[in-house]
Amino acid sequence: MTRQEFLRRNVECKRRARISMFLFACVFIALFAGVLFPTAGPGRFVSAFGIACLVGLCVSLVAVLWFCRNQARSAGVACPSCDGGLLGHPGKVVIATGNCPHCGK
Ligand SMILES: [Zn+2]
């Protein structure tokens, strides 16, 4: 991969991450509000509504962690040798030195 291709993929990955994190934040806020204010649910299902929001919040958190972990790989900006992510500071090291900061190759 050329340096230009790496930079282009890095910028595209950051753009996609910004959009995804905005959507995740909206979901978090809605579910967190459901946990904090469970009386918003209908009648006798108040506690079930709060528990459902709490479970949804936990599932969303796992989804965000999974997304962040696989973000570099799915965007094609992971090291081919060690599969380490090359976004953010590691990406800057790659651009400056031409070597992966994780494995040195
Ligand atoms: Zn590496």
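Procedures and definitions
- Residues numbered from 1 in each chain as written.
- Predicted model: local features only at pLDDT ≥ 70, side-chain atom pairs only at ≥ 80, totals over all residues.
- Core = buried A, V, L, I, M, F, W, Y, C linked by C-beta atoms within 7 Å.
- Buried ≥ 20, exposed ≤ 12 C-beta atoms within 10 Å, placed from the backbone.
- Contact = placed C-beta atoms within 7 Å.
- Helix = DSSP H or I, 4+ residues; strand = E, 2+ residues; numbered from the N terminus.

S.K.: Which residues make up the nonpolar core, and what values go with them?
M.R.: In terms of nonpolar packing, the biggest core is built from 7 residues, these being C13, A72, V77, A78, C79, L86 and V94. If sequence neighbours within four positions are ignored, C79 has contacts with G84, L86, C100, H102 and C103.

S.K.: Talk me through unusual backbone geometry; I want residue IDs and the actual numbers.
M.R.: One non-glycine residue, D83, adopts positive backbone phi at about 65°. By the element assignment, D83 lies in the loop between α2 (46-75) and α3 (89-97).

S.K.: Describe the environment of V59, naming the residues involved and giving the relevant values.
M.R.: When you line up the elements, V59 lands in helix α2. Sequence separation between V59 and A33 is 26 residues, and the spatial gap between their C-alpha atoms is 16 Å.

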